[in-house]
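Analysis of the macromolecular model
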Amino acid sequence: MKEIIVDDKNARQYKRRSLIAFVVFFVMIGVAYASWAWLQHQPNVDGAKAPLRKGLEVNESLFSKLFSKDKLAKEYPVSAASKTPRVNGDLGLADSTFDAAKWKLHVIKSKGDTLLITLDELKKLPKQDIIFDFKCIEGWNQVTHWGGVRFSDFMKKYQLAPEQAMQYVGMVTPDSKYYVGIDMKSMLQPQTILSYEMNGASLPMNQGYPLRLIIPVKYGVKHIKRIGTISFANTKPRDYWAEKGYDYYTGH
Ligand SMILES: Nc1nc2c(c(=O)[nH]1)N[C@H]1C(S)=C(S)[C@@H](COP(=O)(O)O)O[C@H]1N2
Ligand SMILES: [Mo]
């Protein structure tokens, strides 16, 4: 008799637990659906839902803190560089009215006045070569060889100290179709160059003639080809791929 009572109690307990598990399961499905529905109603910020953008921003500040000015990309011997580097991305390069002979780099200073700088003037500054593993977020990488002027030397030469004290650099193609925003710390890395040479020769048109950015601590998206204008800001300049939902920072 005693046995039966115990069994009965166990069975009741078992039934109750199954019921609880069942209810919890459906409540969780409900919560998951409600969260998803809520997210759909959140505004977009820079191409990502606001709460997710917040997550990206937390990542970003974490990375900027971990990232020190001395953390350089690995360099390679000239012999390791690809002879025929891959061409990827032509936004901002298709403008048929672009006249390479008339190109000048526009530098918008913090007070609003603009410097116009020719390629010959840039070539008079000390030349820096860099051979590094170029990485694209699409999943390919390649050792490539570039030459140009260090961004930090460029800032010194053109007396851009007030601008250098600002937090971000914005760069735009002459036709405004491609644009990047980059933190000043990364721009001032000694490996970051305004590049006018690839494999010791003038930049090919499709790789950004006459001037592109090479910034080895960042993924390919930030290496803007054919820079038209450089500007400075304490708020994030527009960034083509960040607006499509990619991480603004994209360092590695
Ligand atoms: N103007 C411009 N610059 C650009 C791009 C672009 O579409 N337009 N694509 C970027 C991307 S995604 C990569 S991976 C590199 C590729 O450089 P490459 O063509 O020299 O390989 O350029 C970057 N710079
Ligand atoms: Mo890329």
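Residues numbered from 1 in each chain as written. Chains lettered and ligands numbered in written order. Predicted model: local features only at pLDDT ≥ 70, side-chain atom pairs only at ≥ 80, totals over all residues. Heavy atoms only, no water.

Let us now look at the packing of aromatic side chains. A full pass over the atoms with the stated rule returns 10 aromatic pairs. Aromatic side chains Y168 and Y248 sit 6.2 Å apart centroid to centroid with 85° between the ring planes, which places their arrangement in the edge-to-face category. A residue pair is termed long-range when its members are at least 10 positions apart, and Y168 in strand β7 (residues 168-172) and Y248 in the segment after α7 (240-243) qualify at 80 residues. With a relative accessible area of 13%, Y168 lands in the buried category. Y248 gets classed as buried once you look at its relative accessible area, which sits at 6%. Here the aromatic residues Y178, Y179, Y240, W241 and Y246 are joined through ring pairs into a cluster of three or more. Its guanidinium or amino end placed over the ring of F98, R226 lies 4.0 Å from that ring's centre, counting from NZ or CZ. Over the ring of Y240 we find K244; its NZ or CZ atom is 4.4 Å from the centre of that ring. (Phe/Tyr/Trp six-rings, centres within 6.5 Å; stacked < 30°, edge-to-face > 60°. Helix = DSSP H or I, 4+ residues; strand = E, 2+ residues; numbered from the N terminus. Buried < 20%, exposed > 50% of the residue type's maximum accessible area, 1.4 Å probe, protein only. Lys NZ or Arg CZ within 6 Å of the ring centre and 35° of its normal.)

With that settled, the discussion passes to the site of ligand 1. Close to ligand 1 lie 19 residues; R86, N88, L91, R212 and K225 are nearest. Within the backbone of N88, an N or O atom sits 2.7 Å from an oxygen atom of ligand 1. Alone, ligand 1 offers 530 Å² of accessible surface; in the complex the protein occludes 97% of this. Of the residues that constitute the shell around ligand 1, the class distribution is 9 nonpolar, 6 polar and 4 charged. (Near = heavy atom within 4 Å. Polar contact = N/O pair within 3.5 Å; in protein donor to acceptor, adjacent residues only side chain to side chain. Areas by Shrake-Rupley, 256 points an atom, 1.4 Å probe, with all protein chains shown as cover. Nonpolar A, V, L, I, M, F, W, Y, C, P; charged D, E, K, R; others polar.)

So, on to the nonpolar core. In this structure, L105, F151, F154, M171, I230 and F232 are the most contacted members of the largest nonpolar core, which totals 36 residues. At the level of secondary structure, the elements contributing two or more residues to this core comprise β3 (105-108), α3 (119-123), α4 (151-157), β7, β8 (179-183), α6 (184-187), β9 (193-198) and β12 (229-233). Those residues in contact with M171 that lie beyond four places of it in its chain are Y178, Y179, V180, I182, M187, L213, I224, I227, T229 and I230. (Core = buried A, V, L, I, M, F, W, Y, C linked by side-chain atoms within 4.5 Å. Contact = heavy atoms within 4.5 Å.)

This brings us to the sheet that holds strand β4 (residues 114-117). Spatial ordering of the open sheet is given by β4-β3-β12-β7-β8, a layout of 5 strands whose pairing is mixed. Each edge of the open sheet is held by one strand with a lone partner, namely β4 and β8. Within the sheet, the average angular offset between the axes of one strand and its neighbour, ignoring direction, is 20°. Pairing analysis gives 4 bridges linking β3 to β4, with the strands arranged antiparallel. (Pairing = 2+ DSSP bridges. Axes fitted to C-alpha atoms, helices over the stretch in contact; angles between N-to-C directions.)

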